[in-house]
Amino acid sequence: MNFYLLTLIKMALTALVLLTCCAYAVWVERKVLAHIQLRPGPYRVGPHGLLQPLADLIKLLTKEGIVPSYANPFFYLLAPFLAVALALTAIVVIPFTPEFELFGVRTAIGLTDLNIGILFLLALSSLGVYGIAIGGWASNNKYSLMGSLRSSAQMVSYELPLAMAIVSPLLLVNTLNLREIVELQNGFHFGLLPKWNVFASPVPQALGFVIFLIAAFAETNRVPFDLPEAESELVAGFHTEYSSMMFASFFMAEYANIITICCVATVLFLGGWHPLWPAEYGSDLVPVVLLAAAGLMLLFHAAQAARRRKWDRFTFPVFGVLLLGLAPVFLIPVLKPVLIPFFWFVAKAGFLVFVFIWIRGTLPRYRYDQLMRFAWTFLFPLSLANLLVTGLVVALAG
Amino acid sequence: MNPTDTALDSRLQEIAPEAEGAPRRMVLNMGPQHPSTHGVLRVILELDGEIVTKARPDIGFLHTGIEKQAEALGWQQVVTITDRMDYLANLSNNLAYALSVEKLLGVEIPPKAQWMRVLLAELSRINSHVVWLGTHALDLGAMTVFFYCFREREDLLRIFEMFSGQRMMTSYIRIGGLALEPPRGWERAVRNFIRGLPEKVNEYEALLKENPIFLRRTQGVAVVPLERLLDLGVTGPMIRAAGLGWDIRKAEPYSSYEKFDFRVPVEQESDVYARFLVRLEEIRQSARIVEQALDGMPEGPWKADAPHVVLPDREKMKTQMEALIYHFKIVTEGMRVPAGEAYVPVESPRGEIGFYVVSDGGAQPWRVFMRTPSFGNLQSLPEMFEGRLIADTIAALGSMDFVLGDVDR
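A few points on the structure.

Parameters and conventions
Residues numbered from 1 in each chain as written. Chains lettered and ligands numbered in written order. Predicted model: local features only at pLDDT ≥ 70, side-chain atom pairs only at ≥ 80, totals over all residues. Heavy atoms only, no water. Helix = DSSP H or I, 4+ residues; strand = E, 2+ residues; numbered from the N terminus. Rg over C-alpha atoms; globule rule 2.2 N^0.38 Å. Buried < 20%, exposed > 50% of the residue type's maximum accessible area, 1.4 Å probe, protein only. Contact = heavy atoms within 4.5 Å. Pairing = 2+ DSSP bridges. Axes fitted to C-alpha atoms, helices over the stretch in contact; angles between N-to-C directions. Salt bridge = Lys/Arg side-chain N within 4 Å of Asp/Glu carboxyl O. Buried area = accessible area lost by both parts, 1.4 Å probe. Polar contact = N/O pair within 3.5 Å; in protein donor to acceptor, adjacent residues only side chain to side chain. Nonpolar A, V, L, I, M, F, W, Y, C, P; charged D, E, K, R; others polar. Parallel < 35°, antiparallel > 145°, perpendicular 65-115°, else oblique. Left-handed = near helix turned anticlockwise from the far one by under 90°. Disulfide = S-S within 2.5 Å.

Let's shift gears to the overall build of chain A. Regarding its fold elements, chain A presents 13 helices and four strands. By the compact-globule yardstick of 21 Å for 398 residues, chain A fits well, its C-alpha radius of gyration being 22 Å. With the principal axes as the frame, chain A shows a C-alpha extent of 65 × 65 × 50 Å. When the 398 residues of chain A are sorted by exposure, 50% land in the buried category. Within chain A, contacts between residues separated by at least 24 positions form 77% of all contacts whose residues are at least 6 apart in sequence.

Sheets are built from strands paired through backbone hydrogen bonds, the pairs being either parallel or antiparallel. Strand order in the open sheet formed by three strands is S1-S2-S3 (chain B), and the pairing between neighbours is antiparallel. Two strands in the sheet have a free side with no partner beyond their single neighbour: strand S1 (26–30) and strand S3 (51–58) of chain B. Averaged over neighbouring strand pairs, the angle between their axes works out to 20° when direction is ignored. Two elements, S1(B) and strand S2 (residues 42–48) of chain B, share five bridges in a ladder whose sense is antiparallel. By the bridge assignment, Met30(B) is partnered in S2(B) with Val43(B). Here helix H5 (residues 142–173) of chain A sits on the sheet in contact with S1 and S2 of chain B, set at roughly 110° to S1(B). On top of the sheet, helix H17 (residues 390–400) of chain B reaches S1, S2 and S3 of chain B; it is set at about 30° to S1(B), its chief contact.

What follows covers the pairing of S3(B). Residues and elements named next belong to chain B. Across seven bridges, the pairing between S2 and S3 is antiparallel. The residue of S3 that forms the bridge with Arg-42 is Asp-58. Connecting the antiparallel pair S2 and S3 is a turn made up of two residues, with Gly-49 showing a positive phi of about 70°.

Here we come to the pattern of salt bridges. Working definition: two side chains of opposite charge can pair if their charged atoms are close together. All names here are of chain A. Tallied over the full model, the rule gives 41 salt bridges over all chains. Its salt-bridge partner being Arg-373, residue Asp-369 comes within 3.6 Å of it at the nearest N-O pair. Separated by four residues within a single helix, Asp-369 and Arg-373 lie in helix H13 (residues 368–397), roughly one turn from each other. Owing to a relative accessible area of 48%, Arg-373 belongs among the partly exposed residues under this scheme.

Before going further, it helps to spend a moment on the interface of chain B and chain A. Contacts between the two partners involve 34 residues from chain B, matched on the other side by 25 residues from chain A. For the pair chain B and chain A, the two sides together bury roughly 2700 Å², of which 61% comes from carbon and sulfur. Three residues stand out in chain B for area buried against chain A, namely Glu50(B), Ile213(B) and Arg216(B), and they jointly supply 22% of the buried area on that side. Run the count over chain B and chain A and you get two salt bridges. With its nearest N and O atoms 2.7 Å apart, the salt bridge here joins Arg150(A) to Glu50(B). Between chain B and chain A we count 10 residue pairs in polar contact (both at pLDDT 80 or more) in total. Of all the secondary structure elements, the ones that give two or more residues to the side of chain B that touches chain A are S1, helix H5 (111–139), helix H6 (143–164), helix H8 (212–218) and H17 of chain B. Residue composition of the side of chain B that touches chain A, by class: 19 nonpolar, eight polar and seven charged.

Right, let's get into the packing of H5(B) against H6(B). Residues and elements named next belong to chain B. At their nearest, the axes of H5 and H6 sit 8 Å apart, and the two run at 155° to each other. With respect to their mutual orientation, H5 and H6 come out roughly antiparallel. In the crossing of H5 with H6, the sense of the turn from one axis to the other is left-handed. Of the residues contributing to the contact of H5 with H6, the split by class is 19 nonpolar, four polar and two charged.

Another aspect to go through is the state of the cysteines. All names here are of chain A. Scanning the entire structure with this criterion turns up zero disulfides over all chains. Between Cys-262, a cysteine without a disulfide, and Cys-263, which holds the nearest cysteine sulfur, the sulfur-to-sulfur distance is 7.1 Å. Judged by relative accessible area, Cys-262 falls into the buried class, the value being 1%.

Dropping the structure here:
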């Protein structure tokens, strides 16, 4: 009974946190892009635009959802549902922390502990194409159709290098369970360099990690591979006709996919919740120091006269004290074994999300044929070579 | 389809004849509302998958009737509508019109006004090229370059505002000189901008020039041979990117361009990348011209000594009877231009712009024909599109650098 109750609570929490993260990923993206591009970004709704996601949500909820008369209504409505459902489901297999005791039950932050976690993820990401393909086709719009065709071709092509890049670290750890994969990356070379799969001992998977990231950009339709929704060519690609929450579903699916794929990269290559350097050298103190520094910075800026604007006068001290109060929580011995790994996991995944945004602010877009050529003539052979070398070395060494 | 739209019908028939047994192709109506047609251009594309097999531009969505309107305005008033043809190169348009009318009038423009005109025309060239670069990069997916370019544009618009009180529709170059006396402190504003510019251009270069994705998107794309471009009446950076170093500033210098030292960049490839290189270098050369104009700006009056054309000073008007009469005549009936016709071409950022003005001796032009570069440049569209991918059409459109107001005038 306890187990079921706990799972239900965890489900609710995961859904809540993931959806909030998706919404704020949009905010973070807009802010980071804006600062790359010499502008302040969202600033009107709430302090520093912090309530912007909420405003967007209200706007999208209250808009009329239009189904074009020439669209196929069943598939037209099915597509966004499919896209968002599959994108949100993928998060269930991600383990965020090691197992711990809670009310006499062994559990972890993360919904399931599936022993075929990786296969499940690959299956879901393959199915994700359907949402886009069906949406583009059912809209009965030429731009949408082309967007969905591009997307299908792209996602199918990049699935191969993605899968190959995933298989290589699997050869090293010899399991499909994501939690075990992370646990096997424990420890440090020479007591300093973490034994993550990127730095794994027989064959470091740095190349595999790069291939995985590139393929992940294509899988999530991000710049420089954002052809399915290439604004300047296809207006908005597969979701040209969608409005209201149907559009929001596609949008949410995109960001949920980004978050998930960053989590997967963290698990597979970056050692999940393991810290960057050993705890003996004080890696446990990192969250405390970071939060305290952030809090102090906010308080310092709140004291500056130039910052005495309408919102900042109230929000800077409040957030500053909040962060300062949060810092010592990471020192509480009971919570430490959960919170510190969780922090490291979130930090790594968050950094990868930042890289996604950073790339978007930097690179132009590929052309369709170049994209396919890149996948088949460069990325695929490279991932294959990486896999073969890894396999050979593991077989010979093991 | 709307049955009354017969023009569209015939166009579609032309592009996609519904013949028996013919391969079925998709007809895509790109524009007039499309993110990268830069205004209201409409292109009807026939597609075989992603490959464009036929392309027909359809213009006229921004028809303003400016040519006809010019016949209903006074000579000096026409300057204001030349601004509205091309919102990125207003001062070049002003200059071209003023030069043509001044040729008819036979007015001598004092050196200071001539140098100011060169300086302003070159600033507007920088303005136009910077906006072109930003939007072109945005079309290719490089979003950040757009904002960097608009940072420079903002500085330029502030300078224009300083001169004329207007950010875009400046109408600063008038028949007989300039509209107003150059404002106090303009040298410093322009010099600050020009000093910082080369570094900014290096920044754009660093972002794009050797970026492998940008190279792949632009090199060898939308190549049209030089002969074809010349047949179609294409001018400006597009023919210079095809290997012909034709620049009216060098070929038929006007407004004392012969006194300035600058290079006309020429590339041979005639592709999108060559056009990018040419325009980027033109920004640098324009900056050089502006610097020379700043250093060697002659002293003297900023408008011609032609009382029948230029309004007299306030001071003179109040004190001298003759000036008062001229003032009264110019204001009430407008200045008169001797009968005849004139055409003085000018190198605008987009190519050759010229106003063929015909006067019957009255206070209004009898006819003003506008030879606009955008119209000529747009003629090369089908050549560039056909046989290429959709993504290339976007790159090609950007490389043409047309302004729709300039096409439909």
